[in-house]
Amino acid sequence: MSIEKAVQILQTGGLVAFPTETVYGLGADATDPHAVARGYDAKGRPSFNPLIAHVPTLKEAEAHGHFSPRARALAQAFWPGPLTIVVPRRPDSSVAELACAGLATIALRAPAHPVAQSLLKAFGRPIVAPSANRSGHVSATRAGHVREDLGQAVELVLEGGQSEIGLESTIVSVDADGRATLLRPGAIERAEIESITGPLAAAQPGKVQSPGMLESHYAPRARLRLDISAPEPGEAYLAFGAPAPAGGLTLSASGDLTEAAANLYAHLRTLDASGTASIAVAPIPARGLGEAIRDRLARAAAPR
């Protein structure tokens, strides 16, 4: 019944938040520019920041973007799953140009979460779904986080429990010639991508080519200090590889990066809600998922 209600809301230009394996998304009909604009407005998101169009399978994605053999190989290897692929946009794509922020490319993903898959198949059209939180704020990994941030701006929140991964998708662009660029590290590690693409090129500094590339993003209200071994008096502490001191939280006492990624946004929200003015964050290794965790923390700590 909830899926049926969600489809009805989307068909009339409304907003529906739903779970994915990465974080919760704020869904709108990708083919309706007015619905896309409502999503931008609800988040307070700059309209030059493009959105990801979600589809159930590669077949549906190919109706909206040109997939080179390398891009297709990535989709076949990691879809459904936490990988977004940016490819040249087909001129006959029904996805609203507003969702692509005027770019000649389109960001596409097939999520793995069963609720997301059910919604996409029942709706029958692509759904844009940026993270279901205020723009620039900490991403939502629980339904309660969505309600805290967006309130009445979203007509329905589909429940899906705690996000399994808790970190946004990896974003890779693949041009018509098959050249692959890492635009955003994420839930799929660099080495897994490079096993298919070879060495990934680096994104151009200062150029917004996909979601999640703004310098200040994923930020709590409190100031963040990174790579801190011990907090200052009165400062909250986000530990890693050891138990947290009183008043703090640990991403993973055992140093497990998968556990740390799953806890990152919920712990930042909890510490922020305590009223602390500053959160010190323990050093996080840059290997594997640590690359994505460090990327999110660096953006969260950037000047607002």
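Look a little higher up for the structure.
The shown structure was predicted, so the numbers you read here are calculated from the model rather than taken from an experiment.

Enquirer: Quick question: what am I supposed to make of the pattern of salt bridges here?
Expert: Side-chain pairs of opposite charge can arise where the charged atoms are in close proximity. This model, assessed by the stated rule, comprises 20 salt bridges. Across the salt bridge formed by Arg296 and Glu168, the nearest N and O atoms sit 2.8 Å from each other. Here Arg296 is found in helix H9 (residues 290-301), whereas its partner Glu168 is found in the loop between strand E7 (156-157) and strand E8 (170-174), with 128 residues between them in sequence. No difference in accessibility class separates Arg296 from Glu168, as the two residues are buried. Residue Glu235 pairs with Arg225 through a salt bridge whose shortest N-O separation is 2.8 Å. Taken together, the residues span a long stretch of sequence, with Glu235 in the loop between strand E11 (223-225) and strand E12 (236-239) and Arg225 in strand E11 at a distance of 10 residues.

Enquirer: Is there a simple way to think about helix H4 (residues 69-78) in this case?
Expert: Residues that lie three or four places apart on an α-helix share one face, since the helix turns once every 3.6 residues. Three or more residues of H4 are buried, namely Ala71, Leu74, Ala75 and Phe78. Buried residues of H4 fall within an arc of 95° about the axis and therefore sit on the same side. For H4, the exposed residues set more than 90 degrees away from the buried face come down to Pro69 and Gln76.

Enquirer: So what exactly am I meant to see when it comes to the sheet that holds E7 here?
Expert: What holds strands together in a sheet is hydrogen bonding between their backbones, with the strands either parallel or antiparallel. With respect to topology, 10 strands assemble into an open sheet ordered E7-E1-E2-E6-E3-E5-E4-E8-E9-E10, the strand pairing being mixed. The open sheet has two edge strands, E7 and strand E10 (201-202), and neither has a second partner. One ladder, built from 4 bridges, connects strand E4 (residues 83-88) with strand E5 (residues 105-109); its direction is antiparallel. Bridging from a neighbouring strand, Val87 pairs with Ile106 of E5.

Enquirer: Would you explain the side chain of Thr84 in this entry?
Expert: Take Thr84: it is sitting in strand E4. Owing to a relative accessible area of 0%, Thr84 belongs among the buried residues under this scheme. Within polar-contact distance, the side chain of Thr84 engages the side chain of Ser169 at 2.8 Å. For Thr84, the residues in contact, after removing those within four places along its chain, are Ile52, Ala107, Leu108, Arg109, Ser169, Thr170, Ile171 and Val172.

Enquirer: Would you explain the layout of surface pockets in this entry?
Expert: To locate leftover empty space, one rolls a probe as large as a water molecule over the atoms. Counted as a void, the second largest pocket has a volume near 150 Å³. Lining the second largest pocket are Leu182, Leu183, Arg184, Pro185, Arg190, Leu200, Ala201, Ala202, Ala203, Glu291, Asp295 and Arg299. For the lining of the second largest pocket, the elements supplying multiple residues, two or more each, are strand E9 (180-184), E10 and H9. The residue inventory of the lining of the second largest pocket, partitioned by class, reads 7 nonpolar, no polar and 5 charged.

Enquirer: I would appreciate a short explanation of the nonpolar core in the present structure.
Expert: Generally speaking, nonpolar side chains in soluble globular proteins are found buried as a group. Residues Phe67, Trp79, Leu83, Ile85, Val146 and Val172 are the most contacted members of the largest nonpolar core, which totals 45 residues. Among the elements that take part in this core, H4 stands out by supplying 4 residues, more than any other. Those residues in contact with Phe67 that sit more than four places away from it in its chain are Leu58, Ala61, Glu62, Arg72, Ala75, Trp79, Ile85, Val87 and Leu108. Ranked by size, the runner-up nonpolar core spans 32 residues in total, among them Leu167, Ala236, Leu268 and Leu271.

Enquirer: Sorry if this is basic, but what is going on with the packing of aromatic side chains here?
Expert: Geometry of an aromatic ring pair is reported as the spacing of the ring centres plus the angle between the planes. What the rule picks out here adds up to 1 aromatic pair. For the pair Phe67 and Trp79, a centre-to-centre distance of 6.0 Å together with 70° between the ring planes defines the contact as edge-to-face. Taken together, the positions of Phe67 in the loop between helix H3 (58-61) and H4 and Trp79 in the loop between H4 and E4 put the pair 12 residues apart, joining distant regions of the chain. Exposure class is identical for Phe67 and Trp79. Each is buried.

Enquirer: Even after reading the chapter, I still don't get the sheet that holds strand E14 (residues 278-281), so can you show me in this structure?
Expert: If you trace the 4 strands from one edge of the open sheet to the other, you get E11-E14-E12-E13, paired in parallel fashion. One side of each edge strand has no neighbouring strand; the edge strands of this open sheet are E11 and strand E13 (249-250). Two elements, E12 and E14, share 3 bridges in a ladder whose sense is parallel. Counted as the bridge partner of Ala236 is Ile279 from E14. The sheet contacts of helix H8 (residues 257-273) involve E11, E12, E13 and E14, and relative to E12 the element is tilted by about 170°.

Rules of the game
- Residues numbered from 1 in each chain as written.
- Predicted model: local features only at pLDDT ≥ 70, side-chain atom pairs only at ≥ 80, totals over all residues.
- Heavy atoms only, no water.
- Salt bridge = Lys/Arg side-chain N within 4 Å of Asp/Glu carboxyl O.
- Helix = DSSP H or I, 4+ residues; strand = E, 2+ residues; numbered from the N terminus.
- Buried < 20%, exposed > 50% of the residue type's maximum accessible area, 1.4 Å probe, protein only.
- Arc of directions from axis to C-beta.
- Pairing = 2+ DSSP bridges.
- Polar contact = N/O pair within 3.5 Å; in protein donor to acceptor, adjacent residues only side chain to side chain.
- Contact = heavy atoms within 4.5 Å.
- 1 Å grid on protein atoms, 1.4 Å probe; cavity = no way out; pocket = protein on both sides within 12 Å on 5 of 7 lines; lining within 4 Å.
- Points joined across faces, edges and corners; volume = space filled by probe spheres on them.
- Nonpolar A, V, L, I, M, F, W, Y, C, P; charged D, E, K, R; others polar.
- Core = buried A, V, L, I, M, F, W, Y, C linked by side-chain atoms within 4.5 Å.
- Phe/Tyr/Trp six-rings, centres within 6.5 Å; stacked < 30°, edge-to-face > 60°.
- Axes fitted to C-alpha atoms, helices over the stretch in contact; angles between N-to-C directions.

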